[in-house]
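Geometric and topological summary
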Amino acid sequence: MKFLTTITCFFFATSAFAQKTYLLKQAFPVGKKYAYTINSDQIISQKADGKESNYIQNVGTDYTFEITEAKALDKNIKVVYNRIKIKSAGMGNELILDSDTEEAGKPNPFAGLKNASFNMLISPTGSIKSVSGVDKMVNDMVTKITTDTAQIKTVKASLTKQFNAEVIKQTMESALKIFPDKPVKIGDSWTISSKLNITMPIESTVTYTLKEVKGNVVVLSLKGNLLSKGDFESLGAKMQTDLKGLNMGDAQVDLTTGMILNGHTRLELYGKMKAAGAETDFELEGITKITGKEIN
């Protein structure tokens, strides 16, 4: 009888452990600061009329997140750009823009981003409810490029296409919106769908799975599908896209705060693009990494 009782207790203990649930959410404490780095590498191949062209691009951004206020379960975050760097190379040409580098006689729009900031309101699931303070940031960038009043309006309009509240909202959500809307157990999955229109229209459907919990670190895996179909404009040219692809990766998250400690995502996108009636075969391979740490 004692043996059977022991086995029964072991069964219930094991079952209870297996069914343990975790509340995964953004829960940054007010007053804390975090450093985030998001780095993206891409290889782009295009082929038209038998001619192939290849490009590589790297975009790296360093941020500071300062948690300034709680609004019910949402948190207001002051986001400061510490550094942004873009490097693009292909077909014998190279472009490097770095907010930390200024050369006499060479206007650098990213120099205006150094220490620039905006505010965002983030929900427990990581969705961005609002973004504010972007207009001032763009104005600071304009002053780094030109003081010619005849050019200011044109330059500002161009920058606003890349730096506006909606683009920033989509950029932040693509990295931070990863949490379920209910408690989950190890092995559980949840799906997050989103629409991005930063450089081209992309619909994303990503399934996250809780793989394991190591102490206070949550390990997630992700796998999803990408679809890009529609019209967009690039460098003044109207284009149409008909692409599909996938992304996969993993992330380690702090269970208490929801801070993403490490994230690694690989994506593929391929299909056809059209511009001025000409069709191009298009392929993109990319890797995005995100790291975070508390700094106070």
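See above for the structure.
The sections below set out a description of the structure shown in this document. (Residues numbered from 1 in each chain as written. Predicted model: local features only at pLDDT ≥ 70, side-chain atom pairs only at ≥ 80, totals over all residues. Heavy atoms only, no water.)

Before going further, it helps to examine the overall build of the chain. When you go through the chain residue by residue, the secondary structure sums to four helices and 14 strands. Its C-alpha atoms give the chain principal-axis dimensions of roughly 90 × 50 × 30 Å. Within the chain, buried positions represent 36% of all 296 residues. Counted over contacts in the chain with a minimum sequence separation of 6, partners at least 24 positions apart contribute 57%. Accessible area of the chain: about 16900 Å², with a carbon and sulfur share of 54%. Computing the positive centroid from 37 side-chain charges and the negative centroid from 32, the chain places the two 5 Å apart. (Helix = DSSP H or I, 4+ residues; strand = E, 2+ residues; numbered from the N terminus. Buried < 20%, exposed > 50% of the residue type's maximum accessible area, 1.4 Å probe, protein only. Contact = heavy atoms within 4.5 Å. Areas by Shrake-Rupley, 256 points an atom, 1.4 Å probe, with all protein chains shown as cover. Lys, Arg positive; Asp, Glu negative; His and termini not counted. Charge placed at Lys NZ, Arg CZ, Asp CG, Glu CD.)

Quick look at the environment of T125 now. When you line up the elements, T125 lands in the loop between β6 (117-122) and β7 (128-132). When its relative accessible area of 22% is taken as the criterion, T125 is described as partly exposed. Along the primary structure T125 and I178 are separated by 53 residues, whereas in three dimensions their C-alpha atoms are 6.7 Å apart. T125 has contacts with L176, K177, I178, F179, P180 and D181, leaving out every residue within four places of it along the chain.

Here we come to the nonpolar core. Judged by nonpolar contacts, the single largest core of 48 residues is most densely connected at F65, F118, M120 and M172. Looking at this core element by element, the count peaks at five residues for helix α2 (residues 134-145). Listed in part, the eleven residues of the second largest apolar core include I44, M200, L226 and L269. (Core = buried A, V, L, I, M, F, W, Y, C linked by side-chain atoms within 4.5 Å.)

Here we come to unusual backbone geometry. The backbone phi angle of D49 is positive, close to 55°, even though this residue is not glycine. Its place among the elements puts D49 in the loop between β2 (33-48) and β3 (51-71). Note on D49: relative accessible area 80%, which makes it exposed. We note that M91 has phi near 55°; this positive angle belongs to a residue other than glycine. Looking at the element boundaries, M91 is found in the loop between β4 (74-90) and β5 (93-98). When its relative accessible area of 55% is taken as the criterion, M91 is described as exposed.

A separate point is the side chain of D74. Structurally, D74 is set in strand β4. Overall, the relative accessible area of 11% leaves D74 in the buried class. Polar side-chain contacts of D74 include one of 2.8 Å to the side chain of K129. When residues no more than four places from it in sequence are discounted, the contact partners of D74 are E69, L121, I122, S123, P124 and K129. (Polar contact = N/O pair within 3.5 Å; in protein donor to acceptor, adjacent residues only side chain to side chain.)

For the rest of this paragraph, the subject is the environment of V142. Its place among the elements puts V142 in helix α2. A C-alpha to C-alpha distance of 8.1 Å links V142 and L159, two positions 17 residues apart in sequence. Apart from residues no more than four positions distant in its own chain, V142 is found in contact with I152, V155, K156 and L159.

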